[in-house]
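The residues making up each chain are set out below.
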Amino acid sequence: MTVFCQSGSLPFVKAAVSSFAILPVMICLGFAFPVNAGELAFEGNWKAAGGKDGVFEIVGTGARNNPVRRPLAEPFEEEELFVRFRIVYPSESFETPAEGNGEFCVLWLDNREGDDFATHGGNVPNIGVHVKGGAVNHFMVRFRPNAESYAAPLVPDREFEIVARCWKTVPGKDRAFDRLDMWVDPKPGEEFSPHASTSTRGSIKSIKWLGFATGVKTEAGDVIRISQIGLADSWG
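Residues numbered from 1 in each chain as written. Predicted model: local features only at pLDDT ≥ 70, side-chain atom pairs only at ≥ 80, totals over all residues. Heavy atoms only, no water.

*Asks:* Explanation requested: the packing of aromatic side chains in the structure shown.
*Replies:* Where two aromatic rings form a pair, the distance of their centres and the angle of their planes describe that pair. Tallied over the full model, the rule gives six aromatic pairs. Plain terms: the ring middles of F42 and W46 are 5.8 Å apart, the flat faces sit at 40° to each other, and that makes the pair tilted. Here the two residues F42 and W46 agree in accessibility, since each one is buried. Centroid distance F85 to F212: 5.3 Å. Interplanar angle 90°. Geometry classified as edge-to-face. With F85 in strand β7 (residues 80-88) and F212 in strand β15 (residues 207-214), the pair connects residues that are 127 residues apart, well separated along the chain. Residue classification places F85 among the buried residues on the basis of a relative accessible area of 2%. Using a relative accessible area of 1% as the deciding quantity, one classes F212 as buried. One aromatic cluster in this structure is built from F42, W46 and F56. Geometry around F177 places K168 over its ring, the cationic atom sitting 4.7 Å from the centre. (Phe/Tyr/Trp six-rings, centres within 6.5 Å; stacked < 30°, edge-to-face > 60°. Buried < 20%, exposed > 50% of the residue type's maximum accessible area, 1.4 Å probe, protein only. Helix = DSSP H or I, 4+ residues; strand = E, 2+ residues; numbered from the N terminus. Lys NZ or Arg CZ within 6 Å of the ring centre and 35° of its normal.)

Take a look at the structure:
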């Protein structure tokens, strides 16, 4: 199994690592993961407006935008892919639906890059934040905008660890990724108890690109902090 991490310490790991370093043993989700160097890798550098020490500050534009994205070295077509990141919404960038539009920011997994304005929304895995029931900002997973599954509510000025599993209920390189699970601040032993899950038909069969998207709810000047982006091909 392979884990890659942006620079910065992981949960239960105090020492910082260089950008996308491959370690003999890395600890994520409370478990030790052995690493086989070269099994899974990113290609090139992040396509991003900025970023320092593994932390990206995504700035809203008030419109659809994909400010942070990066390709995998090879398309991923195996049974399951885990992705993790940490996210903070500063209070000055946070509003409830009662105060305005609410919030939106997602990590997407796709077989194509698209451009800065691509939606990555039609049967494409999305993991992030959106408004639940027109009332509260929640973490959610979805393949389509009208079929979201929600986890815990978003709280400003608090750092959350998000883990998601995108997987195929029927294994095979020619089969689609049709299930998506999410954990918010996962605990050891929760692998088979996701906090939110959704399914679809006709989704992508391979994953080549990872990125973050904002939208009209991410107002111009809003800042969202993303860090410790990582991938793995198993829970542990």
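So much for the structure itself; the text now carries on.
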